[in-house]
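Here is how the chains run, residue by residue.
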Amino acid sequence: MSLSAKDFDGLIDRKRLIDRLQTMVRIPSENPPGNEAEVASLVKSYCAELGFDTSDHEYEPGRPSVVATAGSDPPALCYCSHIDVVPAGDPSLWDADPYGGDVRDGRMHGRGSSDAKGPVAAALEAIEILKAAGIDLAGFQFAFVADEETMGLKGAKPLVEAGLLTAPTVIVGEPTSLRIVRAQRGPCWFRLIVKGVAGHGSAPERGVNAIKHMAAILLHLEETLPDISHPVVGGPSINVGTISGGEKVNVIPASCIAEVDRRTIPGEKIEDIEAQVQVAIDRARERFPDIDARIEIPHFGTPFEVSLDAPVVTEMVRASGEAQGSEAEIIGFRGSSDARFFAEHGASVCVCGPGDITVAHTARESIDLDELERGAIAYALAFARLLER
Ligand SMILES: [Zn+2]
């Protein structure tokens, strides 16, 4: 069957799409602390109305993720998006009620409207469209997950690791303005721990100053960042996020700890990062031979890329382009998303959705309702074609 965006024009129900998004936006599901239960139950009821088999999975009490499957076949295609939102923050910074779901000037305003309840609503509407068009949905699966905004460790990650989301092809819904993300950098968060020897601040020669040694290492960290680049995510980066050390102004500090956010590009491995940090330590030792430093890497999120000719990319690009009436752009994520958990388990994954990432997490968060509708059409086309393959 050859489908086109036009086939779906009469099947989309704009009012249902907007009403569902508004209902979801009006339920604050802020993370932290993680209040996904009410919106999860709503989304689960939408999936049940679509005839899906649904189940809840909690990796922290009161914080369910919903998995919903059409038919009894093993899933061939999974659509995953998140139902938590970042906190609205100070309401006085907002022009609109952050949980009002106000519609004006063709946009819905509020926390989560773009990130990522807009994509969730569009994907639900896509399935409504396909059902109305009589398309066989067997093999399609939804995962509406908790905890994406604090790294997915209580949502997508354990679901994938438990073998509950095994589809070989995955579309992750995030606000990308309907551009297609085919590569993502990986967050590598490490700690540098420098030891010194305490002593009286009036006699620095009698101790070893851990803060001074840390400063020397940090100056070398940026220069050990490799000069490499990826076509859609660009280069790696490094940011020293926190530093703590010392106890009192008149005491030689015996320890200093810095936390560093290193973002890797596809191809970089944890061993590469360790080796580069070691080079920075070695260079600092040229000046201070008694440096006592080590590195701990509590969190390493793998970067990934999917090839340009992978069906999940080609079909999502084609569908998004047709829904928008112009060529869809292929991009990379310099930040992170749940897509990495699927990539780590060998799935072919891309990220795409309606909504504007530049207003996500701000007091101006909103979504263009025409784009939301185009998102539903784009998803419907991509889902149908990927299921048919
Ligand atoms: Zn998001």
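Above this text you will find the structure in question.
Note that the coordinates shown come from a computational prediction; the quantities given were computed from them, not determined experimentally.

Cut-off values and rules
Residues numbered from 1 in each chain as written. Predicted model: local features only at pLDDT ≥ 70, side-chain atom pairs only at ≥ 80, totals over all residues. Core = buried A, V, L, I, M, F, W, Y, C linked by C-beta atoms within 7 Å. Buried ≥ 20, exposed ≤ 12 C-beta atoms within 10 Å, placed from the backbone. Helix = DSSP H or I, 4+ residues; strand = E, 2+ residues; numbered from the N terminus. Pairing = 2+ DSSP bridges. Axes fitted to C-alpha atoms, helices over the stretch in contact; angles between N-to-C directions. Contact = placed C-beta atoms within 7 Å.

*Asks:* Could you give an account of the nonpolar core, naming the residues involved and the relevant values?
*Replies:* Ranked by size, the top nonpolar core spans 85 residues in total, and within it Ala 126, Met 316, Val 349, Cys 350, Ala 376, Ala 380 and Phe 383 carry the most contacts. Ranked by the residues each element gives to this core, the list is headed by helix H10 (residues 369–388), at 12 residues. Among the nonpolar cores identified, the runner-up in size contains 20 residues, and Cys 188, Phe 190, Leu 221 and Ile 281 belong to it.

*Asks:* Before we move on, could you go through the sheet that holds strand S16 (residues 366–368) and cite the residues and values that matter?
*Replies:* A sheet is described by the order of its strands in space; here 3 strands give the open sequence S4-S5-S16, paired in antiparallel fashion. Of all the strands in the sheet, the pair left with one neighbour each is strand S4 (103–104) and S16. Pairing between strand S5 (residues 107–109) and S16: 3 bridges, direction antiparallel. Bridged to Arg 107 within S16 is Asp 368.

*Asks:* Outline the sheet that holds strand S12 (residues 292–300), supporting the account with residue identities and numerical values.
*Replies:* Taken in spatial order, the 4 strands of this open sheet run S10-S11-S9-S12, and their pairing is antiparallel. In this open sheet, the two edge strands, each paired with only one partner strand, are strand S10 (237–245) and S12. Along the sheet, successive strands turn relative to each other by an average axial angle of 20°, direction set aside. Pairing of S10 with strand S11 (residues 255–264), which is carried by 8 bridges, proceeds in the antiparallel orientation. From the neighbouring strand, Ile 238 faces S11, where its bridge partner is Arg 262. Packed onto the sheet, helix H7 (residues 270–287) meets strand S9 (186–195), S11 and S12 and runs at close to 155° relative to S12.

*Asks:* Report on unusual backbone geometry, specifying residues and quantitative values.
*Replies:* The omega torsion across Pro 32 and Pro 33 is 5°, close enough to zero to call that bond cis. Along the chain, Pro 33 falls in the loop between helix H2 (14–25) and helix H3 (37–49). The linkage connecting Asp 115 with the following residue, Ala 116, adopts the cis geometry, with an omega of -5°. Phi at Asp 147 takes a positive value of approximately 70°, unusual for a residue other than glycine. Looking at where Asp 147 falls in the secondary structure, it is placed in the loop between strand S6 (140–145) and helix H5 (156–161). We classify Asp 147 as buried; it has 25 C-beta atoms within 10 Å.

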